[in-house]
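Below are the chains, spelled out letter by letter.
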Amino acid sequence: MSTAYDIRPLQLHLQRNLVDIDRAFTAAGLRYFLVSGTMLGAVRHSGFIPWDDDVDIALPRADYERLLREWRTLLPTHLEFISAEQDAHYPLPYGKIQDARTTVVEKSYRHYLGGAYIDIFPLDGVPDHRLARWWHFTRYLFWYKVLYFRFRDPYKHGRGISSWLPRAVQALFSRESVHRHLRRILMERDYDTSPLISEHYNRQRRYFPREVFGQPTPIAYEGAMLSGVACPHDYLLEEYGDYMTLPPIEKRHQHHFYYLNLSLPYRDFAPTYHRWLNGEIADLHKT
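Residues numbered from 1 in each chain as written. Predicted model: local features only at pLDDT ≥ 70, side-chain atom pairs only at ≥ 80, totals over all residues. Heavy atoms only, no water.

Peer 1: Run through unusual backbone geometry, naming residues and quoting values.
Peer 2: Notably, Ser 36 is not glycine yet its phi reads approximately 55°, a positive angle. Here Ser 36 shows up in helix H2 (residues 36–45). In the Ramachandran plot, Ser 46 falls in the positive-phi region, its phi being about 55° despite a non-glycine side chain. Assignment of secondary structure puts Ser 46 in the loop between H2 and strand S2 (56–60). (Helix = DSSP H or I, 4+ residues; strand = E, 2+ residues; numbered from the N terminus.)

Shown next as structure tokens:
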């Protein structure tokens with residue numbers, strides 16, 4: 001199970017990396033936007049939502065693809081861009097920039113070892129016709145669910161009926177084929193010519209007029225000037241509704257990472273992690 005940790009050191013660590021990313025992207029001419037809870041935090045708190053422990057940014061597809069190709073020369077040496085295009089064992093349809101000086105195991109059942117990360121979403125066009133848009137998201141969400149079961153531990157909830165579906169998915173679909181289907185759907189429409197745009201964020205069917213993103217617009221975040229969407233009110237109203245009202249305490253969620261160490265490089269931790277995967281170690285937190 002996950003262990004409790006002081007959230008503020010993680011927030012400040014991620015903020016330093018976010019400033020490094022902003023400098024690198026600005027120097028390279030890459031467009032990016034704070035999105036999701038990070039954009040909400042910028043508007044409502046001028047920084048992190050107090051209980052939030054991640055950072056979300058998004059790049060128009062052309063910029064995302066350039067980052068995919070050139071990240072080794074664009075980013076500082078301690079930061080790495082990871083994605084399914086580079087690693088078939090990566091379990092998500094969007095990328096992350098991770099800090100190689102740190103260690104994170106996000107979920108005990110999602111067998112992927114890396115560093116403290118910032119989520120990187122590609123922004124893609126979606127159909128402007130309602131029926132075509134419904135079909136687009138339906139296909140995307142189907143393959144997103146297949147991806148989840150492809151990477152999930154089949155025995156997360158025991159060896160009974162609940163294990164049948166992930167076992168069937170893992171027998172029928174390779175990691176590469178699932179990622180390939182998702183990528184093909186996401187890239188059907190060009191960001192720069194589509195009137196409607198989506199982050200394709202997890203299981204949501206949310207989309208925005210492209211003008212809501214517009215040109216990256218300066219906004220204060222933890223004392224630094226970063227890039228937000230052009231129309232933050234329209235974006236956050238669609239994303240969250242009454243976004244300036246704090247949610248009740250029981251709905252203030254954080255990740256509760258299974259394992260987190262901000263001073264241990266994940267490559268140094270890898271031998272211990274693989275011994276845990278092989279059942280030689282019962283609890284990572286006691287290593």
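Now that the structure has been shown, we can carry on.
Peer 1: Tell me about the sheet that holds strand S5 (residues 103–105), and please be specific about residues and values.
Peer 2: Ordered in space as S6-S5-S12, the three strands form an open sheet in which the pairing is antiparallel. Strands with a single pairing partner mark the edges of an open sheet, and in this sheet they are strand S6 (113–114) and strand S12 (259–261). Across two bridges, the pairing between S5 and S6 is antiparallel. Across the sheet, Val 104 pairs through a bridge with Gly 114, a residue of S6. (Pairing = 2+ DSSP bridges.)

Peer 1: Residue-level account of the pairing of strand S7 (residues 117–126), with values.
Peer 2: Most of S7 sits inside the fold, with ten of its ten residues counted as buried. Relative to S7, S2 is paired through five bridges, and the arrangement is parallel. In the sheet register, Ile 57 faces S7, and the bridge partner there is Ile 120. Direction of pairing for strand S4 (residues 95–99) relative to S7: antiparallel, over a ladder of four bridges. (Buried < 20%, exposed > 50% of the residue type's maximum accessible area, 1.4 Å probe, protein only.)

Peer 1: Explain the environment of Thr 272 residue by residue, including any values.
Peer 2: Inspection of the secondary structure puts Thr 272 in helix H9 (residues 266–277). With residues near it in sequence (within four places) discarded, Thr 272 still touches Ile 281, Leu 284 and Thr 287. (Contact = heavy atoms within 4.5 Å.)

Peer 1: With reference to specific residues and values, describe the packing of H2 against helix H8 (residues 232–240).
Peer 2: Put simply, H2 and H8 touch, their axes get as near as 10 Å, and they point 125° apart. When the interaxial angle is binned, H2 and H8 end up oblique. The handedness of the crossing between H2 and H8 is left-handed. When H2 is examined against H8, the residues Ser 36, Gly 37, Met 39, Leu 40 and Val 43 are found in contact with a partner set consisting of Pro 232, Tyr 235, Leu 236, Glu 239 and Tyr 240. Grouping the amino acids of the contact of H2 with H8 by side-chain chemistry returns seven nonpolar, two polar and one charged. (Axes fitted to C-alpha atoms, helices over the stretch in contact; angles between N-to-C directions. Parallel < 35°, antiparallel > 145°, perpendicular 65-115°, else oblique. Left-handed = near helix turned anticlockwise from the far one by under 90°. Nonpolar A, V, L, I, M, F, W, Y, C, P; charged D, E, K, R; others polar.)

Peer 1: Please give an account of helix H4 (residues 130–151) that cites residues and values.
Peer 2: When the terminal C-alpha atoms of H4 are compared, their 32 Å separation across 22 residues agrees well with the 32 Å that a helix rising 1.5 Å per residue should span. Looking at H4, one finds that the buried residues are Arg 133, His 136, Phe 137, Tyr 140, Leu 141, Trp 143, Tyr 144, Val 146, Leu 147, Phe 149, Arg 150 and Phe 151. Of the surrounding secondary structure, the elements contacted by the buried residues of H4 are S7, helix H5 (164–172), helix H6 (175–186) and strand S8 (196–198). (Expected span 1.5 Å × (residues − 1).)

Peer 1: Outline the nonpolar core, listing residues and values.
Peer 2: Among soluble globular proteins, nonpolar side chains are generally buried collectively. Counting 59 residues, the largest nonpolar core has Phe 25, Leu 34, Ile 57 and Phe 213 as its most contacted members. Residues in contact with Ile 57, not counting those within four places in the same chain, are Leu 18, Ile 21, Phe 25, Tyr 32, Phe 33, Leu 34, Val 35, Ile 118, Asp 119, Ile 120 and Phe 121. In this structure, Phe 149, Phe 151, Val 178 and Leu 186 belong to the second largest nonpolar core, which totals 13 residues. (Core = buried A, V, L, I, M, F, W, Y, C linked by side-chain atoms within 4.5 Å.)

Peer 1: Account for the packing of aromatic side chains, naming residues and giving values.
Peer 2: To describe a pair of aromatic rings, you give the distance between the ring centres and the angle between the ring planes. Scanning all chains against the criterion turns up 19 aromatic pairs. Ring geometry for Phe 208 against Tyr 235: centres 4.8 Å apart, planes inclined by 25°, an arrangement best described as stacked. Linking Phe 208 in strand S9 (residues 208–209) with Tyr 235 in helix H8, this pair joins segments that are 27 residues apart in sequence. Taken together, the aromatic side chains of Phe 33, Phe 208, Phe 213 and Tyr 235 make up a single cluster linked through ring pairs. Between the NZ or CZ atom of Lys 96 and the centre of the ring of Tyr 117, over which it lies, the distance is 3.5 Å. (Phe/Tyr/Trp six-rings, centres within 6.5 Å; stacked < 30°, edge-to-face > 60°. Lys NZ or Arg CZ within 6 Å of the ring centre and 35° of its normal.)

Peer 1: Run through the environment of Leu 236, naming residues and quoting values.
Peer 2: Of note, Leu 236 is situated in helix H8. Here Leu 236 falls in the buried class, since its relative accessible area comes to 0%. Sequence-wise, Leu 236 and Gly 37 are 199 residues apart; in three dimensions their C-alpha atoms are separated by 9.2 Å. Look past the residues within four positions of Leu 236 in its chain and what remains in contact with it is Ser 36, Met 39, Leu 40, Val 43, Gly 241 and Tyr 243.

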